[in-house]
Amino acid sequence: MRVCMVVVVLLWISGLAWGLPANGENRGQVSILKLPPDPISFQPGSGSELASRYCLMCHSAEYVYMQPPHPREDWMEIVNKMKTSFGCPISNEDMAPLVDYLVTQNSLQPFPTAPPVQRDDQKDTPDQSSIQSGDSQKGKSLYERHCVTCHGPGGKGDGPIGPVLVPPAANLTLLGKQSDKTILDTLRKGRPGTAMPAWEHDLNPQELNHLLSFLRTLTP
Ligand code: HEC
Ligand code: HEC
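Below is a short write-up of the structure.

Basis of the calculations
Each residue is numbered by its place in its chain's sequence as written, counting from 1. Starting at A for chains and at 1 for ligands, labels are handed out in the order in which the entities are written. Reporting in this predicted model follows two pLDDT cut-offs: at least 70 for local features of residues, and 80 or more for side-chain atom pairs to be given and counted; totals over whole chains, interfaces and linings ignore these cut-offs and use all residues. Derived side-chain values reflect all non-hydrogen atoms in the structure, with water molecules and hydrogen atoms excluded from consideration. In what follows, salt bridge is the name for a side-chain nitrogen of Lys or Arg lying within 4 Å of a carboxyl oxygen of Asp or Glu. Each helix is a run of DSSP H or I of at least 4 residues and each strand a run of E of at least 2, with the numbering of both proceeding from the N terminus. When a residue's accessible area, from a 1.4 Å probe over protein chains only, is under 20% of the maximum for its type it is buried; when over 50% it is exposed; and in between it is partly exposed. Here, proximity means that at least one heavy atom of the residue falls within 4 Å of the molecule or strand. We define a polar contact as two N or O atoms separated by no more than 3.5 Å, with the added condition that, inside protein, one atom must be a possible hydrogen donor and the other a possible acceptor, whereas residues neighbouring each other in sequence contribute only through side-chain atom pairs. Three categories are distinguished: nonpolar for Ala, Val, Leu, Ile, Met, Phe, Trp, Tyr, Cys and Pro, charged for Asp, Glu, Lys and Arg, and polar for the others, with Gly belonging to the last.

Some thoughts on the pattern of salt bridges
Applying the stated rule across the entire model yields seven salt bridges. Between Arg-53 and Asp-94 there is a salt bridge, with its nearest N and O atoms 4.0 Å apart. Placement of Arg-53 in helix α2 (residues 48–55) and of Asp-94 in helix α5 (residues 92–106) is noted, with a sequence separation of 41 residues between them. For Arg-53, a relative accessible area of 46% corresponds to the partly exposed category. Assessed through its relative accessible area of 13%, Asp-94 is described here as buried. Between Arg-188 and Asp-185 there is a salt bridge whose closest N-O contact spans 2.8 Å. On the criterion of helical spacing, the pair formed by Arg-188 and Asp-185 is a turn pair, its members being three residues apart in helix α8 (residues 180–189). Classification of Arg-188 as partly exposed rests on a relative accessible area of 25%. Look at Asp-185 and you get partly exposed, because its relative accessible area is 28%.

Here is the structure:
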């Protein structure tokens with residue numbers, strides 16, 4: 001269940017980055033991160049059982065519904081990536097019907113109707129504040145929200161999906177020798193070609209500093 005929540009939060013936040021509901025109502029309010037109700041599952045339709053079987057293993061159906069509209073060949077590529085990079089055990093014969101289904105679902109896009117999320121850390125984004133300003137406690141909760149699924153609670157790369165990734169999620173207790181800048185660059189840009197996402201769109205520089213401070217506490 002925790003995996004689900006972490007992924008949902010990830011999705012939720014990337015949803016924001018895509019400029020989903022940004023009405024002014026919430027400005028200036030003290031806020032909390034509101035979790036959406038249970039992750040939506042796939043809507044009925046030909047192929048939905050394939051999607052439920054193969055895609056809900058690792059993440060919620062929102063991964064599909066929140067995608068901007070993609071042509072069929074892009075979905076083929078995404079599903080291929082799930083298979084070859086992340087180990088989704090889908091058989092070749094199931095590929096085409098599954099992709100057909102995903103294309104139909106992709107155009108439904110129910111996600112933007114979800115209530116807007118309020119995040120206090122987006123209220124005033126200080127300039128590229130210095131790394132020393134990172135707060136490891138805040139970093140810890142960001143870490144628990146965004147990183148545990150892969151890197152595990154203690155950072156050893158042993159989160160629920162960490163070890164099945166190719167390459168596996170890194171052991172973050174071994175970051176000792178890396179400079180602050182190197183680590184921040186990794187957080188900002190991710191590692192193309194691996195499951196390590198780029199965070200610069202979802203987390204502001206201050207939050208990345210909090211994370212860095214927390215990561216420093218993991219090194220023995
Ligand atoms: C074995 C685990 C696993 C399975 C099974 C899986 N995925 Fe993924 N998926 C991932 C990971 C890991 C990422 C990339 C990390 C992230 O963005 O959180 C990802 C990312 C995505 C993305 C975001 C775009 C992208 O290319 O990164 C989409 C869309 C997606 N998956 C769709 C699917 C669909 C559709 C299925 C079912 C065919 C599926 N996934 C099955 C692990 C999986
Ligand atoms: C979907 C899985 C996934 C998520 C979520 C994820 N990572 Fe990663 N991360 C990886 C993988 C896989 C690697 C290893 C890439 C490689 O081998 O080059 C990695 C590498 C890293 C590295 C570089 C480690 C090194 O040894 O150079 C850092 C730092 C890192 N992640 C921090 C984070 C933080 C902080 C978060 C949360 C904000 C996070 N990651 C979220 C999968 C993930």
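Regarding the site of ligand 1
The full set close to ligand 1 counts 16 residues, and Cys-55, Cys-58, His-59, Tyr-63 and Met-82 are the nearest of them. In this structure, Tyr-63 approaches ligand 1 through a side-chain N or O atom, which is 2.6 Å from an oxygen atom. Note that an oxygen atom of ligand 1 is positioned 2.8 Å from one of the side-chain N or O atoms of Lys-81. Listing elements by their share of the shell around ligand 1, those giving two or more residues are α2, α3 (62–65), α4 (72–84) and α5. Each residue belonging to the shell around ligand 1 can be placed in one class, and the counts come to 13 nonpolar, two polar and one charged.

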